Every structure is written in structure tokens, then in C-alpha cells.
Amino acid sequence: MTVDSYLHQGRTWFRQLSADRRVRRLGRVMAWGGTGFLLSAASIGHSPQPLAMGCISAVTGWRSAVMALGAALGYRVFWGTAGSQGIIWSLSAGVTALIFGKTKRCRETPLLIPALCALLTALTGLTFQLAGFDTPTGIYLLRVAVAAGASRLFLALVRDRDRFALWAAEGIAVLALSQTAPLPWLNPGLIAAGMLGTAGQFPGALLSGLALDLARVSPVPMTAVLCGVCVSRMIPGLPDWGRRCMPGAVYLLVMGLQGSVDLTPLPGLLLGGVLSVFLPAKPDTVRRRGKTAAAQLRLEAMSRVLSQTRVLMMETEGPGIDEEALLARTRERACGSCPNRKACQAPSQIPREVLRRPMLEGSSLPFSCRKSGRMLLEIRRTQEQYRLLKADRDRRREYREAVSQQYFFLSEYLLNLAELLPGGNKRNTPRFSPEVAACARGKEPENGDKFRHFPGTEGDYYLLLCDGMGTGLGAAQEAREASRLLHRMLAAGFPAEHALGSLNSLLVLRGRAGAVTVDLARIRLDTGAVALYKWGAAPSYWLCRGNAEKIGTAGPPPGIGVNATRETVERLSLRRGEALIMVSDGMDGEEVRRRAMIDPEAAAGEMAAYLLEAGAAEAADDATVAVVRLRPLNLST
């Protein structure tokens, strides 16, 4: 097997592992707990600070509880007995978030949580002073200010998605990571700073440099280093590898100008520059002028409104089920006309456990009853009513999550649109032209497979294959509606992930789970890179160097749940003449894979017709095959 095959198997295994709900849940728990653990390491003036307390108080529910436990453990690990106050900060912040985090007063009064954090920090410090633990007055006041400021900062980041709060949070993260270094020459804070300096925005990189200078990781001024890295990104014609190595080069330059020699931070900065490939490069903030500035500000304001609406919608819980009223009504129906009710020894209130426990006979009742048959009949009726109410409540919660997800997609779309306004629409110069051909054969007159190919924005080109469930007119209608919706969103500039998520939410709201499968390919005409999104669709095939490699695996279709399943994403390239074959489930995959290697240089139309004839000869379902290949453009014309 080749190295590409091993990499493909590894990616497939990782996707299957991440698709497991238990693994994702464990990953979220570790992420929130790890955040609290790392923030507890941050210090100012060699003394622990309540930065983790601010982050804990900004979230609600199980996240705050897990982060509080992680921070308490971190204060114990990093500071020993000196972190006793930190443990109290963390646990008190977790209790505060659980009690006040979802209240209406907390949402209407943004400074309530910061004031409570400052009060708890002050009371903790005063208690330790009375217990004989001497703390300097300056450190005491600094901790109170840090508790209030960190809480307000993380609240603005979580609730309002404020850009300035994000930059400050990046600086705090670098400060915490720089003080958890297992090895001096491999400091996590330096790695994160190198990534932000290479691919982040200038304010975040500046604050990261200040955090490194505050942590005193090197006598060389790291603020100047990271500012120089951000300025170096404006050098015209700088290759990508040169940009990745710029943190190390600028550090050596500043070190030489200062005259002090310290090569310890160099490996971390270089590694951060290399790892910055995983961060999306965002343009720095530009000066806003005129009508463009007004439009940008209004788009950003609308994005914040949608984001806040989403948060409020997720925090609003529906009315609960009144179990006591159900049980009281059950007793009234069962015992109201019973002739033995005066001498009955049954309790005045039926225990709640009967709602969830199956009742098969009179002996299974948790109390004695002379007319057990009548009581069992009423309890079973109440249990059925309770299951219906619970299912309705769960369904309403899923509806609320689906609608809030749309608010999130729209908020992100408006924010990205606002960032594009100052520089206008950036059009990447296309280097390739797509050659697309598709052939289909329906079992009935109306084909349930719908294929579209169309240009997107900023040099994107899309191929979309939707397969309706079953055959005939109903399947064709489902596929047509799904493909039309995705076509409009993608052509308008909606990200592929958001467009697919919107379709999934729509199917959930309509109760049409599995009504359609989606096979989407996004091609960059400037680089030839392809992102293949599959949601319940059949595997595709990638023709490369005389081999036909299967791409993607079968998975559940969209519409099962808002967060139950997600689409899978494959990355490949077509810039060297490779071809991508997309097929519906009515095609014989092995036959396609065997026949596709006969003439890999054939035209797309000839290959599609040949594969359809060979792979759908005995198919009992609608069959569609689409072939795409990129042809280089003559840029001189």
C-alpha cells in the first residue's frame, strides 16, 4: 500500500471515531475542562490570578461545572498550597454560573456577574488574611480587578462575539500557555504566538507579544518580534514557506539588534509558524470610510443582534412537565369512585417513580391497593400521557435548536460579508476551467436524482447531486427542492457547511429524515483543490495516475437530528489532470471503479456515458454518474 492509502485510511478512521456521539461528548468535556486547567496557570507578578474564574462565570450549565473542576485541579497542580484561593475562586464561580447564569436579571444586567466575581474574590482574600495568610495589598486589589475584568471580557466574547474580546482572549491564552511549558525550548505559548503572528490579526498578535513579555519568557522583546512578523506579511511576492519561517527570522533580527543571545524561544516560534497553516488567514482591520463604513457597521450590528438572539433562544427552556399534577389526577380517577377509599391504606400522593417504571401486575405497585386493577389501568394511561408530553417537549427543544442554528449561520454570513466590504469583492484569478458531464437513467419517467453544476463566489465552482428517497415523482420532488435550495445559498456566497446545515435543519423541522441525500463538491478554480461533502451519499471515485480510489463512506442521511449526524468532508486535488466521478446509489460502485481505469484520459462526456451504460445495466434504482476534470486556462488570453 502507498503512503496516500495509509493517510486515507487514517482520515477515514478519524472521521468514524469523531462521528461517535460518545467520543464527541468526551472531547467537549475534555476541551472545557482543559481550558479551565490551563487558565489556572496564568500569573501576574508570580502570583495566581482569577482569570479562570472569569471564563467559568461566562458559560452556563455543565460547561461551567466541568471548567470549574478543571481549574480547581490546575490551581492544585501548578501552585500547590499557594493555589488554595484559586480552588475557592473556581468552585464559587461555577456555583455562581449555575445559579445566576440563565436568569433574566443576569441577561438584562451585564455587570452583575463581574460584580459577583469581584465580590467573591475580595471575600476570599479577606478570609485568608484573617486566617493568617499575608497577601500584599497591591496583589489583593489586582486580583479583584482581574476577576471583574476577566468576567466582563469573557461574557462579551461568549454572548456578543466581540472582536476586541477575542483579541484579548488570545493574549490571555498565550499568557496561560507560556507558563505551562514542559520544556523551555518547546513553550506552548511561543507556539501559539507564532501561529497568531503568522496567520492571525494584528491586535491579537500584539497582545500575545505583551503576554509573553509579561511572562518573561525571554529577554528579547516579544512584542516587537510579533509586530515585525505581522508587518512582514505585507512584503510583496513573499512565498508561503517564507511567511511560515518569518517568526524565527524576525526573532533573530530583533535579538541581533538588541545584542542579547537567547535561542530558547526560536524552536517554538518556528513550529508555530509551520502550524499556522491550520489557522484561517483573516485580513486585518482597515479604515472605514463613507457609505462603505456605514454599510459595514450595520451588517456587523445585525450580526451581533442575530448572535444574541440565538443565545437567548438556546437559553430559554420550555415549560416543564407537572408530574405531581399528573399523579394527582391519576389518584383522583382511580380512587374517586372506589368503594374502599375510606379504609384504603394507599398514600395520599403516588410516588413519581411509577411514571418511569413499567407496571405489569398489582404486585409491582410501590404501595398496597385493594383495587389494584383499576389503579394499574389509570397508571398505564398516565404513563402513556407522560411519554407523549416528554416526546413533545424534546421535539420542541429540537425545533428551537434548528431555528437557533439558522440564526448562527446568518450571523456568520453577515459578519463575513462585512469584512469583504472595505476591499470590495476579491476575485481570485482562475487558472482552470471545469469540464463537467453527467448522464442519468431513471427507473420511472420522473428521475429521483437531480444534478446541478454552477459557479459560486470568489473562484468557487460547485457540483451538486441530490438523490431523493425511493423513485418516482415524490423522490424527484424532494431532490428538486433540496438542490434548488442549496443552489441558491451556495451561489449567494453561503459557506458549504452552513448551507448543508440549513438543509438538515429544514428536514428536521419538516419531519423528513432521510428524504434526500446530498453529494457536494466545491472546486477552487485558482488552485484546483476540491472539498467533497457527503451526507448519506454513495462514495465517489478519484482517478489519479491510472488508479481509481474510492472517496468517502456511506453514512446516515440528513434530517435525523440537529446535532445527531454531520456531513463528512474529503480533500483532494484535480490540478494535474485528475478526474472526479460522482455517482448515485443506483450505480454499481465496483463496476464503476473497474471500468474507470480503462481510459483515464477520455473526455468527461464519453466517460460518463460509458460508466452509466456499464454500471446501471441491472440497477433497480435511479442511476446518475457525473464526471469533472479541470483543464488549464491560457492566462495570456
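Before reading on, note that the structure itself is shown above.
These figures come from a predicted structure and were not determined experimentally.

Asker: Just checking my understanding: could you explain the overall build of the protein chain for this structure?
Answerer: Check the secondary structure of the protein chain and you find 21 helices and 10 strands. Split into buried and exposed, the 637 residues of the protein chain put 44% on the buried side. Relative to all contacts within the protein chain whose residues are 6 or more apart in sequence, the contacts with residues 24 or more apart total 71%.

Asker: When you look at the packing of helix α10 (residues 188–199) against helix α11 (residues 202–215) in this model, what are you seeing that I'm missing?
Answerer: Packed helices, taken two at a time, are described by the angle their axes make and the gap between the axes. For the pair α10 and α11, interaxial distance at closest approach is 9 Å and the crossing angle is 155 degrees. Classified by the interaxial angle, the pair formed by α10 and α11 is roughly antiparallel. In terms of crossing hand, the pair formed by α10 and α11 is left-handed. Across the interface between the two elements, G189, L190, A193, L196 and G197 from α10 touch A205, S208 and L212 from α11. Along the lines of polarity and charge, the residues of the contact of α10 with α11 split into 5 nonpolar, 3 polar and no charged.

Asker: So what exactly am I meant to see when it comes to helix α12 (residues 222–232) here?
Answerer: Three- or four-residue spacings in an α-helix give side chains the same orientation, since the helix completes a turn every 3.6 residues. Where burial is concerned, most of α12 is hidden: 8 out of the 11 residues are buried. Burial in α12 covers these residues: M222, T223, V225, L226, C227, V229, C230 and S232. For α12, the secondary structure elements touched by its buried residues are α10, α11, α13 (240–258) and α14 (266–275).

Asker: How should the pattern of salt bridges be read in this particular structure?
Answerer: Where side chains of opposite charge bring their charged atoms close, a pairing between them can arise. Overall, the coordinates contain 11 salt bridges when judged by the stated rule. Its salt-bridge partner being E613, residue R441 comes within 3.0 Å of it at the nearest N-O pair. On the criterion of sequence distance, the pair formed by R441 in strand β1 (residues 432–441) and E613 in helix α21 (residues 604–615) is long-range, its members being 172 residues apart. Overall, R441 belongs to the partly exposed group, its relative accessible area being 33%.

Asker: How should I be thinking about the packing of helix α5 (residues 84–100) against helix α7 (residues 112–130) in this particular structure?
Answerer: Remark: α5 packs on α7, axes separated minimally by 10 Å, with the N-to-C direction vectors making an angle of 150 degrees. Both α5 and α7 take part in a crossing whose hand is right-handed. For the pair α5 and α7, contact is made by S84, Q85, I88, W89, S92, T96 and F100 and by I113, L116, L120, T121, T124, G125 and F128, respectively. Partitioned by chemical class, the residues of the contact of α5 with α7 number 7 nonpolar, 7 polar and no charged.

Asker: I would appreciate a short explanation of the sheet that holds strand β9 (residues 579–583) in the present structure.
Answerer: Within a beta sheet, neighbouring strands are joined by backbone hydrogen bonds and run either parallel or antiparallel to one another. A sheet is described by the order of its strands in space; here 5 strands give the open sequence β1-β10-β9-β6-β7, paired in antiparallel fashion. Among the strands making up the open sheet, the edge pair consists of β1 and β7 (547–551). Within the sheet, the average angular offset between the axes of one strand and its neighbour, ignoring direction, is 20 degrees. Strand direction decides the pairing type here: β1 and strand β10 (residues 623–632), joined by 10 bridges, are antiparallel. Its bridge partner being in β10, A438 is matched across the sheet by A626. Against the sheet, α21 makes contact with β1, β6 (540–544), β9 and β10, and its axis sits at roughly 25 degrees relative to β1, the strand it touches most.

Asker: Which parts of the structure should I look at to understand the side chain of E578?
Answerer: Its place among the elements puts E578 in the loop between β8 (568–573) and β9. In this structure E578 is buried but unpaired, with R576 as the nearest side chain of opposite charge at 5.0 Å. Within polar-contact distance, the side chain of E578 engages the backbone nitrogen of R575 at 3.5 Å. Side-chain polar atoms of E578 contact the backbone nitrogen of R576, separated by 2.9 Å.

Asker: Looking at this structure, I do not really get a nonpolar patch on the surface. What am I missing?
Answerer: Together, V95, L98, I99 and F100 give the surface a local cluster of nonpolar side chains, amounting to about 360 Å² of exposed area. With respect to the helices and strands, L98 occurs in helix α5.

Asker: Even after reading the chapter, I still don't get a positive patch on the surface, so can you show me in this structure?
Answerer: The grouping of R25, R28, R63 and K102 at the surface amounts to a positive patch. Examined against the element boundaries, R28 turns out to sit in helix α2 (residues 21–39). You can call R28 partly exposed: its relative accessible area is 39%.

Asker: So what exactly am I meant to see when it comes to α5 here?
Answerer: Its 17 residues give α5 an end-to-end C-alpha distance of 24 Å, which sits within 8% of 24 Å, the value for a rise of 1.5 Å per residue. Along α5, the residues classified as buried are Q85, G86, W89, S90, S92, A93, G94, T96 and A97. Looking at the buried residues of α5, the elements they touch are α3 (51–58), α4 (62–79), α7 and α8 (137–160).

Asker: Looking at this model, I keep getting lost on the packing of aromatic side chains. Mind explaining?
Answerer: Given two aromatic rings, their pairing is described by the distance between the two centres and the angle made by the two planes. Overall, the coordinates contain 5 aromatic pairs when judged by the stated rule. Geometrically, the ring pair formed by F164 and W167 is edge-to-face, given 5.2 Å between the ring centres and 85 degrees between the ring planes. Here F164 and its partner W167 are both found in helix α9 (residues 163–178), 3 residues apart, which amounts to about one turn of the helix.

Asker: I'm lost on the nonpolar core in this one. Help?
Answerer: Counting residues in each nonpolar core, the largest one holds 51 residues, and the members touching the most others are L39, L51, F154, V174, L212, V225 and Y251. Sequence-distant contacts of L51, that is, excluding residues within four places in its chain, are made with L39, A42, Y75, V146, A150, F154, I172 and L175. In this structure, L299, F494, L500 and V516 belong to the second largest nonpolar core, which totals 27 residues.

Asker: It is not clear to me how the environment of M302 should be interpreted in this structure. Could you clarify?
Answerer: Following the sequence through the fold, M302 ends up in helix α15 (residues 290–315). Residue classification places M302 among the partly exposed residues on the basis of a relative accessible area of 43%. Considering only alpha carbons, one finds M302 and L414, 112 residues apart in sequence, at a separation of 7.5 Å.

Asker: It is not clear to me how the side chain of T624 should be interpreted in this structure. Could you clarify?
Answerer: Turning to its location among the elements, T624 is positioned in strand β10. Here the side chain of T624 touches D449 through a polar contact of 3.1 Å, side chain to side chain. Look past the residues within four positions of T624 in its chain and what remains in contact with it is C439, A440, N447, D449, L465, M582, V583, S584 and M587.

Asker: Looking at this structure, I do not really get the sheet that holds strand β2 (residues 449–455). What am I missing?
Answerer: Read from one edge of the open sheet, 5 strands run β2-β3-β4-β5-β8, paired in antiparallel fashion. Every interior strand has two partners, whereas the edge strands, β2 and β8, have only one. Neighbour to neighbour, the strand axes of the sheet diverge by 15 degrees on average, direction disregarded. Across 9 bridges, strand β3 (residues 460–468) lies against strand β4 (residues 516–524) in antiparallel orientation. In the sheet register, Y462 faces β4, and the bridge partner there is R522.

Asker: Would you mind showing me how to read unusual backbone geometry here?
Answerer: Outside of glycine, negative phi angles account for most residues, and trans bonds account for most peptide bonds. Residue R216 is not a glycine yet carries a positive backbone phi of 60 degrees. Following the sequence through the fold, R216 ends up in the loop between α11 and α12.

Analysis parameters
Residues numbered from 1 in each chain as written. Predicted model: local features only at pLDDT ≥ 70, side-chain atom pairs only at ≥ 80, totals over all residues. Heavy atoms only, no water. Helix = DSSP H or I, 4+ residues; strand = E, 2+ residues; numbered from the N terminus. Buried < 20%, exposed > 50% of the residue type's maximum accessible area, 1.4 Å probe, protein only. Contact = heavy atoms within 4.5 Å. Axes fitted to C-alpha atoms, helices over the stretch in contact; angles between N-to-C directions. Parallel < 35°, antiparallel > 145°, perpendicular 65-115°, else oblique. Left-handed = near helix turned anticlockwise from the far one by under 90°. Nonpolar A, V, L, I, M, F, W, Y, C, P; charged D, E, K, R; others polar. Salt bridge = Lys/Arg side-chain N within 4 Å of Asp/Glu carboxyl O. Pairing = 2+ DSSP bridges. Lys, Arg positive; Asp, Glu negative; His and termini not counted. Polar contact = N/O pair within 3.5 Å; in protein donor to acceptor, adjacent residues only side chain to side chain. Patch = residues over 30% accessible without salt bridge, like charges linked within 9 Å, V, L, I, M, F, W, Y side chains within 5 Å. Areas by Shrake-Rupley, 256 points an atom, 1.4 Å probe, with all protein chains shown as cover. Charge placed at Lys NZ, Arg CZ, Asp CG, Glu CD. Expected span 1.5 Å × (residues − 1). Phe/Tyr/Trp six-rings, centres within 6.5 Å; stacked < 30°, edge-to-face > 60°. Core = buried A, V, L, I, M, F, W, Y, C linked by side-chain atoms within 4.5 Å.

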